[in-house]
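The residues making up each chain are set out below.
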Amino acid sequence: MPTTIEASKPESCEAKNGGKFSRRTLFAATGAAAAGVVALNAAKQWLSPKQPVFVAKNQRYDGPLRQTISDGLLATGFQPAHFKGKRVLLKPNLVEPTRLAPQLTTHPAVVVAAAAVFRDWGAQVTVGEAPGHVRDTEMALVESGMKAALADADLPFADLNYENVEWTSNRGGASKLAGFYFPHSVAKADFIVSLPKMKTHHWVGATLAMKNLYGTIPGIVYGWPKNVLHHAGIPQTVYDINASLPKTIAIIDAILCMEGDGPIMGSPKQMGLILVGPNPTAVDATAARIMNLRPDQISYLDLAADRLGPIDDRKIEQRGESWRELVSPFTILDAPHLRSLPADPTVLISKISRATTVTA
Amino acid sequence: MSDALELLRHAPCGYRDGSTPAAEPTALAALALLGANRFGDAQPHLQWLSAHQAHDGCVPPLGDLNQPGWPTPLAIVAFAAANHDNATATVNFDTEAAKRYLLSISGKTLEPSPQYGHNGQLVGWPWVDGTHSWQEPTATAVLALKSIGLWDHPRTREGVRLLIDRLLVTGGCNYGNTVVLGQKLRPHVEPTGIALVAIAGEKSDDPRVDRSVQYLLGALNNETTPISLSYGLLGLAAHDHFPDQASNWLEAAFRHVKYKQPSPLDVALLVLAAQGSECPLITLTKSPSVAAVT
């Protein structure tokens, strides 16, 4: 176990914003061991069959979400037996909740439905989150509506900001961090299910299943916000965290979403979708396309491409609905580092949205 | 109150009852016990903090980590309170080393940019060394320096300037930013409360200070969670406000905390909030009308 947190030198603003990386330059700087792992992963990706992603439309928070999620998991290759007796950690996004902006956080109905599916299949289910900004985790649970929902469903909650931690080596090697202190509930999980909200992100374009896993990192070691990660590069640390975690699964709450100045101050956008898949990179790439964003322009997806999973549509097997018929452009900020994101150049890029500005 | 103090007697404290010993709940429990004149009961907490202190003065957050050092200011305040009450006879905490450690930590500055609304050149204190400064670690550092008499230290003065700079124009503060990419952020009770404690007694005519008091007065209610409620009430008490309903809110919050598995952090903060303006976090740190903030 190292004696320091090993924060690297801060990246430039351009680097932080994810606009000026190439995978070649990034990985040229990493160690031989990490490069070997990455090369092996890349080879596996090319040899492996297409990654499945399931998309369901016409979804509602008061609808049969349990059935949808079960269908999605079964359609993307999972079987109930995979989860029997396993520890499953559900990780929603509760970044900076306010009950006045439900587009900010994963809806409790999605979390409860997912928990019911995994419980039915014999798993030990825990919900866990390390809210990125607020120190008062109970406040985050109350404001997001999660506290009451978890109590009703008799679901245990792990406060990942304050748990005991365990050291894990950085298996990605994109950032200079030697490893991560993961909370006990994360380190011991057999499956970590990323349950993000579909949102734009004003630094890196979009926050989906991969970025949501920043919330597996404990504030008690990394701060509120987890500034150590920011200084080590957001795209690189998103990649590294995903590479270093136990087996991950993605279930995206894309029913009520956020566009504009995400991930905190954006406006609500109704989509009515649920996305499910065993590979968060592939699921995020599909979600980005639905948002009319180019996956290869989202820097952490570009890093992950063919290492952690595919972002090329030809390498993704669509199950359920076709994403092409579901594309509904998300507005993004008119900022230089975001202008290359839209897939359709005719889409107007919004000015900063003030529609959801709320003061208590 | 006596029920609550009994829950705090077992040292060291974790974030949850029975979890790994942690510096923050242990320091705040010590402060709460000292504020209630339970000097003997605070001794085990102080002893643990002393034993947990690293050679460089740092007090890390968990028993088996050696950094980061963001709880160090809370330990300094706890020992300042103990020293004030001559309650440290059996404890060898190195306050001088803790002070040196604290002064060795500084936030990484940001070049002026239209992307941010705050003054990124103010140094303040980060959560983790080598990163940018934020509201709460700066507030606790300012409180620590004030608690050992360094009201006019240049770092204290700059810390106060940072805390006021990071208040939102409409009052209250976010965890640290004010405006990002042209968008004003939302205020939160917990960082606003602790920031107001840290700047209490400062001669500032910045209207955002009073607006922050008004924000807290409007934001607190009987649904406010224990940590936010406590810091919110402490922020108000430091500025001579104590809402009529505060006692009821605290009582309800304590019943709620006691009903579930009691968190020592929640209990300690509720006790400190119940002590109001007599809380050592305030009595030791409220500035004696130092130079005006510019």
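Residues numbered from 1 in each chain as written. Chains lettered and ligands numbered in written order. Predicted model: local features only at pLDDT ≥ 70, side-chain atom pairs only at ≥ 80, totals over all residues.

### Here we look at the overall build of chain A
And step 1. Secondary structure summary: chain A contains 14 helices and 12 strands in total.
And step 2. Among the 360 residues that make up chain A, the fraction classed as buried is 59%.
And step 3. Intrachain contacts of chain A at a sequence separation of at least 6 include 77% that bridge at least 24 residues. (Helix = DSSP H or I, 4+ residues; strand = E, 2+ residues; numbered from the N terminus. Buried ≥ 20, exposed ≤ 12 C-beta atoms within 10 Å, placed from the backbone. Contact = placed C-beta atoms within 7 Å.)

### Focus on the confidence of the model for chain A
Residues shown with low pLDDT carry predicted positions that ought not to be read at fine detail.
And step 1. Averaged over chain A, the pLDDT score is 87; the fraction of residues at 70 or greater is 82%.
And step 2. Of the regions scoring below 50 in pLDDT, residues 353-360 of chain A engages in 22 contacts with residues more than four places distant in sequence or in other chains. (pLDDT = per-residue confidence, 0-100.)

### Here's the deal with the nonpolar core
It is characteristic of soluble globular proteins that their nonpolar side chains tend to be buried jointly.
And step 1. Formed by 208 residues in total, the largest nonpolar core has its most connected members in Ala114(A), Leu275(A) and Ala78(B).
And step 2. If we ignore the near neighbours within four places in the chain, the residues touching Ala114(A) are Ile69(A), Leu90(A), Val193(A), Leu195(A) and Ile251(A). (Core = buried A, V, L, I, M, F, W, Y, C linked by C-beta atoms within 7 Å.)

### As for the pairing of strand 8 (residues 197-201) of chain A
For a regular strand, the rule is simple: side chains alternate between the two faces of the sheet.
Residues and elements named next belong to chain A.
And step 1. Of all 5 residues in strand 8, 5 are buried; the element is thus mostly enclosed.
And step 2. Side-chain alternation along strand 8 places Lys-197, Lys-199 and His-201 on one buried face and Met-198 and Thr-200 on a second face that is also buried.
And step 3. Note: strand 8 against strand 10 (residues 248-259), 2 bridges, orientation parallel. Paired with Lys-197 across the bridge in strand 10 is Asp-253. (Pairing = 2+ DSSP bridges.)

### Looking at helix 12 (residues 234-244) of chain A
And step 1. Along helix 12 of chain A, 10 of the 11 residues are buried, which leaves the element largely enclosed by surrounding structure.
And step 2. Where helix 12 of chain A is concerned, the buried positions are Ile234(A), Pro235(A), Gln236(A), Thr237(A), Val238(A), Tyr239(A), Asp240(A), Ile241(A), Asn242(A) and Ala243(A).

### A short note on the interface of chain A and chain B
And step 1. Chain A puts 35 residues into the contact, and the matching count from chain B is 32 residues.
And step 2. Mapped by element, the contributors of at least two residues to the side of chain A that touches chain B are helix 6 (137-144), helix 10 (219-222) and helix 11 (227-231) of chain A.
And step 3. A per-class count over the side of chain A that touches chain B returns 20 nonpolar, 11 polar and 4 charged. (Nonpolar A, V, L, I, M, F, W, Y, C, P; charged D, E, K, R; others polar.)

### Re the confidence of the model for chain B
And step 1. Per-residue confidence for chain B averages 93 on the pLDDT scale, and 96% of its residues sit at or above 70.
And step 2. On the interface metric, ipTM, the complex scores 0.94, and its pTM is 0.91.

### What about unusual backbone geometry?
And step 1. In this structure, the amide linkage connecting Ala11(B) to the following residue, Pro12(B), adopts the cis form with an omega of -5 degrees.
And step 2. Tracing the backbone shows Pro12(B) in the loop between helix 1 (2-8) and helix 2 (23-35).
And step 3. Looking along the chain, the bond that leaves Gln67(B) and enters Pro68(B) is cis, with omega of 0 degrees.
And step 4. Assignment of secondary structure puts Pro68(B) in the loop between helix 3 (39-52) and helix 4 (72-84).
And step 5. Even without a glycine there, the phi angle at Asn58(A) is positive, about 55 degrees.
And step 6. Mapped onto the secondary structure, Asn58(A) falls in the loop between strand 1 (51-56) and helix 4 (65-75).

### Brief notes about the environment of Ser106(B)
All names here are of chain B.
And step 1. Along the chain, Ser-106 falls in the loop between helix 5 (95-104) and helix 6 (135-147).
And step 2. In this structure Ser-106 comes out as partly exposed when scored by C-beta crowding, with 17 C-beta atoms within 10 Å.
And step 3. Sequence spacing of Ser-106 and Lys-146 is 40 residues, and the spatial spacing of their C-alpha atoms is 17 Å.
And step 4. The residues touching Ser-106, leaving out its near neighbours within four places in the chain, are Val-123 and Trp-125.

### Here's the deal with the environment of Pro246(A)
All names here are of chain A.
And step 1. Summarising the element assignment, Pro-246 is placed in the loop between helix 12 and strand 10.
And step 2. Exposure remark for Pro-246: the 16 C-beta atoms within 10 Å place this residue in the partly exposed category.
And step 3. Placed 57 residues apart in sequence, Pro-246 and Ala-189 show a C-alpha to C-alpha distance of 6.9 Å.
And step 4. Beyond its immediate sequence surroundings of up to four residues, Pro-246 is in contact with Ala-189, Asp-190, Phe-191 and Ile-192.

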